[in-house]
Structure formats: structure tokens, C-alpha cells
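Overview (structure and organization)
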Amino acid sequence: MDEGKNGGWVRNIELTPPTLQDNTADADRLAGALKKELGAESIDIEFDLLKRLPQILRESGYKIRCILFKQHGRWLLLDAAGCDDNTIIAGLAVDLGTTRVVLRLIDLVSNKTLGETSFDNPQISVGPDILARIHFTDQEGGLEKINRLIIDGLNKEIENLCDLCGPRPADIYLLSVAGNTAMTHLFMGINPRWIIREPYIPVVNSPDVEKASTLGIKVNPLARVLIFPNIGSYFGGDLIAGILFSGLNKSNDTAILVDVGTNAEVVLGNRNWLMACAGAAGPALEGGVTKMGMMAGPGVIDRISIEPDSSIFHIHTIENNTPRGICGSGLIDLAAHLFLSKMIDIRGRFVSDMCNNKIREIDGIPGRSIGYPTPPLQTRT
């Protein structure tokens, strides 16, 4: 894919109409103009568009807006319309989490975010963790069922997001999907069985770009889906997306990237070298090891900060509901701020003097009282 004018996806092209002296075919005329505009060697035109091209050119007075995609060095013309067509041309970014899926809808002309939403991964009904889901695919029809769960869930949320933001699902032409290796396989409907069995081999590390219709995603029929590549069984496209977004791979300084979800990946390095490790995190933080932890949901604490001078806790809950538990991101925030405020030491143990003697034990779990419910929790959005 490529970025350039108008975000790199959309080009406005004005063609010279054909004459008896210039009877170049419609597709060749358009391809020639796009080659010059893009500095490209070739332009491939979707067959479905080719059938509509004569009408589009003539109704628009040969002034058209082209929607393009670049793959393996070749440009593909997905669709076209008159330049006076104000229909939003949208792209969709999907963070395909094991527990939570996040969608962001983007205007591909302005690069502005149109809206964002998230939902619990429907595959949780099969199993909360990746192992349970992979074992489920061994059952007859298991792979098809678990694939259908995520595809149907995405289609429903895409429709809801479009209803809120204005575009139609048919206005979405480009999608990017980033998830761990197992989630990517389940999304594509590819058997992940050998990911968890020696010698731990995925079916594919670099999936090709696919048509959305091939994957069952209900957007524009000509839309393309970029699935971020994996490094191996335990380093997926979500990690690659994080590295690229953070710029870690271009940094002169050595830095660390920590991606904590249901699985956790840690990457250390710079532009010259990268090292990574991975392990289970979400189950550990959300009830598997940490007794007070729970999955994200309404009322669950997801962000915490502590004022260094007053030691006042600022706590944010999902949907601003009454606190009922704490999820992984909240626990990470809590540990960080307790350490920065010197209320816990490097081993994670409370420092009594710094806690103003407010340490107490509830159900066998030591903690520092923050005075809830009297006075009420300090909250912020």
C-alpha cells in the first residue's frame, strides 16, 4: 500500500474525451492517465468496475474519482465515480483482540477518524483463552463455528458503527486487521491446530491481501483486506502493528514496547536489532492469578493515577459506572503509580510508612485503603 496525495487511496483524474483522432479504449485511457499520475508501470482494473466504466466516464464528463490499492508493487483500481460524488470513501482498522475487538472508521480522503467502537470477542462463548478455542476447532464443525462467530460479530458492529457515523458499509473499501497468530487463523477460517503442538507451526505467516467478500465481511464487494503478518506462532500481526506504529524499528535509541492483552508481548531494540518474548497475561491479570482481577466491562476500573503530593487516587471505570472490579490495564496503571508514589517497592510489596498506615487486609488480600466509600472515589474521564 502507498500513501501520497489525498491520503494515498483516492485520486481525482481528468481525462481528455475520445475523438475520431484519439479512439483509445476507455480502460486504456484511464490506466494511462493513472500511470502518469502515480508514476506506475501498470494499473489493474477490477472486472466489475470495467463493466461499469463506460457509463461512469461519460456521465462524469471524464472527470472521475478513483479508489486505488497498491499490492506487491502493482496498483489496483477498485472503483470509480464522478468527481462531484461526495460519498465518503472509508477504511476500517480492526484490532482483533482475543478478549476485545476494536474498530476505527477512517475517511480515506481526509485521513480523519469518523468513529470508533469496541465489543467483546464473541469467541469468548467458546473459551476465554486461545488454547480453549484452538482445541474447540478439533470438534466436527468447530472451526467453521468459531470463524462464523467473529465474522458475524464484525459485520454487526460494522453496521452499527456506520449507522452512527454516516457512511454505509458499502462505502468501506479498505480494511486492515491486526491480531495474534491464532486469532488471525480463526478470522480467516484456517486451522490453527499445529500452532499449539510441537514444533508449533502456523499455516501461514504472511497472508495475502484478500477480498472482503471472500472472508465474509459485509462491506463493499470490491474492498480489500490487509491482514498483518505474523512472525511465528506466538508473535502475531498485533505485535507487528505495534512496532510499526511506535516507530521502534526506526528508532536510533534502544526502547521497549510492551503490548499487554490476553497475551503479552515485549519487544526490545532499535532500528538495528529487535528482541521479543511473549506469554499469557490477560487470564493472569483478570482472575487467573490476581484474585480481584476481571475482564473489561461496564463498571470495571481501567485507568488509575495517583497525585504525588496528596496521594489522591483518580479512578476511571468503563462507561463511568460504579466500580465493581479491575481489569488488566487498570492493574498495570495501579502498580505503576503505586511504585512511582513509593507506596510499593521494586518487589511489589507495600511500604507501610509511605502508605500512611492505611494498609489493611480484606479476604486475605493486603491493600492500601483509599477511603471508599467515604469519601467517594475521585474519578475522571
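Look above for the structure.
As the structure is a prediction and not an experimental result, all values here were calculated from the model.

Regarding the packing of helix H1 (residues 26–38) against helix H2 (residues 47–59)
The interhelical angle for the contact between H1 and H2, taken along N-to-C directions, is 75°, at an axis separation of 10 Å. Relative to H2, the element H1 is oriented roughly perpendicular. Across from Asp-26, Ala-27 and Leu-30 in H1, the residues of H2 making contact are Leu-50, Leu-53, Pro-54, Leu-57 and Arg-58. Split by residue class, the contact of H1 with H2 holds six nonpolar, no polar and two charged.

What about the sheet that holds strand E13 (residues 274–280)?
The three strands are arranged E11-E12-E13 in an open sheet whose pairing can be described as antiparallel. Because the sheet does not close on itself, it has two edges, and the strands there are strand E11 (255–260) and E13. The mean inter-strand angle of the sheet, taken between neighbouring strand axes irrespective of direction, is 10°. Summarising the sheet, E11 and strand E12 (residues 263–269) pair through six bridges and their orientation is antiparallel. Paired with Ala-255 across the strands is Gly-269, a residue of E12.

A word on the pattern of salt bridges
Counting across every chain of the model gives 15 salt bridges. A salt bridge links Glu-37 to Arg-11, with the nearest nitrogen and oxygen atoms 3.9 Å apart. Placement of the pair is Glu-37 in helix H1 and Arg-11 in strand E1 (residues 10–14), with a sequence separation of 26 residues. Judged by relative accessible area, Glu-37 falls into the partly exposed class, the value being 30%. For Arg-11, a relative accessible area of 5% translates into the label buried. The closest approach of N and O atoms between Arg-104 and Glu-116, which form a salt bridge, is 2.7 Å. Of this pair, Arg-104 sits in strand E6 (residues 100–107) while Glu-116 is found in strand E7 (residues 113–120), placing the two residues twelve residues apart along the sequence.

Re the sheet that holds strand E8 (residues 172–179)
Across the sheet, six strands lie side by side as E7-E6-E5-E8-E10-E9; this open sheet has mixed pairing. What marks the edges here is a single partner per strand, and that holds for E7 and strand E9 (210–211). Taken together, the four bridges between E8 and strand E10 (residues 224–227) define a ladder with parallel strand orientation. Each residue of the ladder has a partner; that of Leu-174, found in E10, is Arg-224.

A word on the side chain of Arg-65
Position of Arg-65 relative to the elements: it lies in strand E3 (residues 63–71). Among the residues examined, Arg-65 registers a relative accessible area of 12% and is labelled buried.

With respect to H1
The end-to-end C-alpha distance of H1, which contains 13 residues, comes to 18 Å, matching closely the 18 Å that a straight helix rising 1.5 Å per residue would cover. Within H1 the residues assigned to the buried category are Asp-26, Arg-29, Leu-30, Ala-31, Leu-34 and Leu-38. Buried residues along H1 sit against E1, strand E2 (43–45), H2, E3 and strand E4 (74–82).

Some thoughts on the side chain of Arg-224
Along the chain, Arg-224 falls in strand E10. From its side chain, Arg-224 meets the backbone oxygen of Leu-222 in a polar contact 2.8 Å long.

Concerning helix H4 (residues 142–165)
Residues lying three or four places apart along an α-helix face the same way, a consequence of the helix completing one turn every 3.6 residues. In this model, H4 (24 residues) spans 35 Å end to end at C-alpha, consistent with the 34 Å of a helix rising 1.5 Å per residue. Positive backbone phi, approximately 115°, marks Gly-166, located one or two places after H4.

Conventions and cut-offs
- Residues numbered from 1 in each chain as written.
- Predicted model: local features only at pLDDT ≥ 70, side-chain atom pairs only at ≥ 80, totals over all residues.
- Heavy atoms only, no water.
- Axes fitted to C-alpha atoms, helices over the stretch in contact; angles between N-to-C directions.
- Helix = DSSP H or I, 4+ residues; strand = E, 2+ residues; numbered from the N terminus.
- Parallel < 35°, antiparallel > 145°, perpendicular 65-115°, else oblique.
- Contact = heavy atoms within 4.5 Å.
- Nonpolar A, V, L, I, M, F, W, Y, C, P; charged D, E, K, R; others polar.
- Pairing = 2+ DSSP bridges.
- Salt bridge = Lys/Arg side-chain N within 4 Å of Asp/Glu carboxyl O.
- Buried < 20%, exposed > 50% of the residue type's maximum accessible area, 1.4 Å probe, protein only.
- Expected span 1.5 Å × (residues − 1).
- Polar contact = N/O pair within 3.5 Å; in protein donor to acceptor, adjacent residues only side chain to side chain.

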